[in-house]
Amino acid sequence: MGSWEESALYSFLSAESESQVLDTMTVLAGQLGFDYCAYGLRMPIPLGNPPVAILCNYPTAWMARHDTRGYLAIDPTVRQVLRAVSPFV
């Protein structure tokens, strides 16, 4: 069998909905000792203000604060994943 990362990536292949993706992410994050996890996808178009889709299990109040304070623009984790071509653990 391959690495943990490879196994984790394959576990997403059977997901048929966003909720199943989030459930899988939550289990995998828990295996790594994390209570919360997030997956973000920035659409390529429009170039000026691309929409962002986020799946996460963070509390609603935290996500509202994150959005209101503009943390997406300054979060170092977000900066890292924007340069990555594969999932970031």
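Residues numbered from 1 in each chain as written. Predicted model: local features only at pLDDT ≥ 70, side-chain atom pairs only at ≥ 80, totals over all residues. Heavy atoms only, no water.

## Regarding a nonpolar patch on the surface
A cluster of nonpolar side chains, namely W4, L32 and F34, defines an oily patch on the protein surface of about 290 Å² accessible area. Tracing the chain through its elements places L32 in the loop between α2 (18–31) and β1 (38–42). Since its relative accessible area comes to 39%, L32 is described here as partly exposed. (Patch = residues over 30% accessible without salt bridge, like charges linked within 9 Å, V, L, I, M, F, W, Y side chains within 5 Å. Areas by Shrake-Rupley, 256 points an atom, 1.4 Å probe, with all protein chains shown as cover. Salt bridge = Lys/Arg side-chain N within 4 Å of Asp/Glu carboxyl O. Helix = DSSP H or I, 4+ residues; strand = E, 2+ residues; numbered from the N terminus. Buried < 20%, exposed > 50% of the residue type's maximum accessible area, 1.4 Å probe, protein only.)

## Regarding the packing of helix α1 (residues 4–11) against α2
When two helices pack together, their arrangement is given by the angle between their axes and by how far apart the axes lie. Closest axis-to-axis distance for the α1/α2 pair is 10 Å, and the angle between their directions is 160 degrees. By the angle class used here, α1 and α2 are roughly antiparallel. In this structure, the crossing between α1 and α2 has a hand that is right-handed. Counting all contacts with α1, which are made through W4, A8 and S11, the residues of α2 involved are T24, L28 and Q31. Among the residues making up the contact of α1 with α2, the classes are represented as 3 nonpolar, 3 polar and no charged. (Axes fitted to C-alpha atoms, helices over the stretch in contact; angles between N-to-C directions. Parallel < 35°, antiparallel > 145°, perpendicular 65-115°, else oblique. Left-handed = near helix turned anticlockwise from the far one by under 90°. Contact = heavy atoms within 4.5 Å. Nonpolar A, V, L, I, M, F, W, Y, C, P; charged D, E, K, R; others polar.)

## Brief notes about the nonpolar core
Residues L22, M25, A29, C37 and L55 constitute the largest nonpolar core, which totals 5 residues. With 3 residues, the single largest contributor to this core is α2. When near neighbours in sequence (up to four residues on either side) are disregarded, M25 contacts F12, C37, A38, Y39 and L55. (Core = buried A, V, L, I, M, F, W, Y, C linked by side-chain atoms within 4.5 Å.)

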